[in-house]
Amino acid sequence: MTHFNSYQSEIYLQGLADVRPAFTTDPTRLEEAARAAMEPGPFGYVAGGAGSGATMRANREAFDRWRIVPRMLTDATTRDLSVTVLGTRMPAPVLLAPVGVQSILHPEGELATARAAAALDLTMVLSTASSHTIEDVAAANGAGSRWYQLYWPSDNDVTVSLLQRARAAGYSTLVVTLDTWTLAWRPRDLDQSYLPFLHGIGTAIPYSDPAFLATLDKTPEQDPQLAVLRWIQTFTGTDHRWDQLPFLREHWAGPIVLKGIQHVDDARRAVDAGMDGIVVSNHGGRQVDGAVGALDVLPEIAAAVGESLAVLFDSGVRCGADAVKALALGARAVLLGRTYAYGLALGGEAGVRHALRSVLADLDSTVALSGHRTIAELTPDLLRRV
Ligand code: FNR
């Protein structure tokens, strides 16, 4: 049994000692709080999206078109929100999405996130663009549960090396991101000429990788510019093909999840390719401008492949009700992106914990007050399209 909504009592009780929460409890307001705390370059990198921002807006609008219809007298006093996804047990169907370059948010970056995730028993997905190494993040995550996200390099030796390191460091599932094989046109970053990688941020994993270092004539310390350009060429600029997926299967012993699926035919191809899961996602509106809201395509994809592989969801999830809607529409679990990233910017590990606990408490309350006790009970008839 989980009582995530006990965070509420904790906060009210602290009020008796005149203590207020250090950060807003409204996850939809974390962005504005983070804006005030961050430098414009890093803030724009996190908050921004592709082109005109239409996809980010579409993500939020898609949630607004669905409303929850609560049920009464259902004995929802005690609840169990736990799920098992691809062999990973989770106390609630919520993961931390891969978010790269976290040291632009807080000096401890992914290490702080890994500790916060472990403290709450939530699964963290580590980005290939991490500002700390695969091994250091694993150490910070300790007995926590962790998956590894791959930006699929064009160099097979580097790919194999990254997969071996991740597996050896206890990352159980591989998440392959397909939608960012090259960087989108992102005016907010372009206007400030700001790309963290060019400042040497988000390169900890390749710079600690023997296979990548072997491709360089000089070490990254000797020639930082050459090293970063080589890395950018290795992990972006080359699109892969469906017929290359067996290569990943050959070199990864655990489940494989494809992230960035938005078309039902691609979801079917993932099944045909023997994949274990997909993340229905448009990368938080950061890649294709003018794309469909991610939640808009979730129902048809879940209906087509939900029995054959694990359908996960991200892009635009901000609060408990958003998670309930995505779960009711067929997602097995949701990933939070910017929501915890802003928590990290505001307060490091404590900020991430607060952001996550706020969403979990809100999710727990929403499940309870809409009359449900388990995640399996969240089905489409809980929602009305308006
Ligand atoms: C991301 N995302 C991302 N995805 C990925 O597969 N690898 C990565 O390195 C990153 N890096 C990254 C950095 C930043 C600053 C953001 C905001 C996002 C995308 C992420 O995993 C997820 O798909 C989105 O964040 C979900 O959208 P919301 O919830 O942020 O709207």
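Details of the structure are given in the entry above.
The text that follows walks through the structure, step by step, so that each part is easy to find. Given the structure is predicted, the values throughout are model-derived calculations rather than measurements. (Residues numbered from 1 in each chain as written. Predicted model: local features only at pLDDT ≥ 70, side-chain atom pairs only at ≥ 80, totals over all residues. Heavy atoms only, no water.)

1. Concerning the layout of surface pockets
If you add up the space inside the largest pocket, you get close to 630 Å³. What lines the largest pocket is a set of 36 residues, and nearest its centre among them are Tyr45, Tyr151, Arg186, His283 and Arg286. Elements with a contribution of two residues or more to the lining of the largest pocket: helix H3 (40-47), helix H11 (224-235), strand E11 (333-336) and helix H16 (338-369). Its residues assigned to classes, the lining of the largest pocket shows 19 nonpolar, 11 polar and six charged. (1 Å grid on protein atoms, 1.4 Å probe; cavity = no way out; pocket = protein on both sides within 12 Å on 5 of 7 lines; lining within 4 Å. Points joined across faces, edges and corners; volume = space filled by probe spheres on them. Helix = DSSP H or I, 4+ residues; strand = E, 2+ residues; numbered from the N terminus. Nonpolar A, V, L, I, M, F, W, Y, C, P; charged D, E, K, R; others polar.)

2. A look at the sheet that holds strand E9 (residues 277-280)
In space, the eight strands of this closed barrel follow the order E4-E5-E6-E7-E8-E9-E10-E11, with parallel pairing throughout. Here the strands of the sheet are splayed against their neighbours by 30 degrees on average, with no regard to which way each runs. The sheet contact formed by strand E10 (residues 310-313) and E11 spans two bridges and is parallel. Residue pairing across strands places phenylalanine 313 opposite valine 334, the latter belonging to E11. (Pairing = 2+ DSSP bridges. Axes fitted to C-alpha atoms, helices over the stretch in contact; angles between N-to-C directions.)

3. Examining the nonpolar core
Counting residues in hydrophobic clusters, the biggest one holds 116 residues, and the most contacted among them are Tyr148, Ile278 and Phe313. A per-element tally of this core places H16 first, with 12 residues. Sequence-distant contacts of isoleucine 278, that is, excluding residues within four places in its chain, are made with Val257, Leu258, Ile261, Ala267, Ala270, Ile301, Val305, Leu309, Ala310, Val311 and Leu312. (Core = buried A, V, L, I, M, F, W, Y, C linked by side-chain atoms within 4.5 Å. Buried < 20%, exposed > 50% of the residue type's maximum accessible area, 1.4 Å probe, protein only. Contact = heavy atoms within 4.5 Å.)

4. Looking at the site of the ligand
Among the 21 residues in the neighbourhood of the ligand, the closest are listed as Pro98, Ser127, Thr177, Asp314 and Arg318. Within the side chain of arginine 318, a nitrogen or oxygen atom sits 2.8 Å from an oxygen atom of the ligand. The contact in question runs from an oxygen atom of the ligand to an N or O atom on the backbone of arginine 338, over 2.9 Å. Here the ligand loses 98% of its free accessible area of 610 Å² to cover by the protein chains. Assessed atom by atom at 2 Å from the grid points, the ligand resides in the largest pocket. Looking at the shell around the ligand residue by residue, the classes come out as six nonpolar, 10 polar and five charged. (Near = heavy atom within 4 Å. Polar contact = N/O pair within 3.5 Å; in protein donor to acceptor, adjacent residues only side chain to side chain. Areas by Shrake-Rupley, 256 points an atom, 1.4 Å probe, with all protein chains shown as cover. Sits in = over half its atoms within 2 Å of the grid points.)

5. Comments concerning the pairing of strand E6 (residues 146-150)
With five of five residues buried, E6 is to be regarded as a mostly interior element. The alternating pattern of E6 places Arg146, Tyr148 and Leu150 on one face and Trp147 and Gln149 on the opposite face, and all of these are buried. Strand direction decides the pairing type here: strand E5 (residues 123-126) and E6, joined by three bridges, are parallel. What sits directly across from valine 125, in E6, is tryptophan 147. Tracing the backbone out of E5, into helix H6 (residues 134-141) and back to the parallel element E6 gives a crossover that is right-handed. Note that E6 and strand E7 (residues 174-177) share three bridges and pair parallel. When the sheet's bridge partners are listed, tyrosine 148 is paired in E7 with leucine 174. Following the chain from E6 across helix H7 (residues 156-168) to the adjacent parallel E7, one finds a crossover that is right-handed. (Right-handed = clockwise from strand over helix to strand, strands pointing away.)

6. Considerations on the pattern of salt bridges
In total, this model carries 15 salt bridges according to the counting rule given. As a salt-bridge pair, arginine 357 and glutamate 10 come within 2.9 Å of each other at their nearest N and O atoms. In this pair, arginine 357 is assigned in helix H16 and glutamate 10 in helix H1 (residues 6-16), connecting sequence segments 347 residues apart. (Salt bridge = Lys/Arg side-chain N within 4 Å of Asp/Glu carboxyl O.)

7. Side note on H16
When the terminal C-alpha atoms of H16 are compared, their 26 Å separation across 32 residues is substantially less than the 46 Å that a helix rising 1.5 Å per residue should span. At glycine 347, H16 shows its largest bend, some 140 degrees. Burial within H16 is extensive, with 25 of its 32 residues counted as buried. Once H16 finishes, glycine 371 follows within two positions and takes phi at roughly 95 degrees, a positive value. (Expected span 1.5 Å × (residues − 1). Bend = angle between axes of the 7 residues up to and from the residue.)

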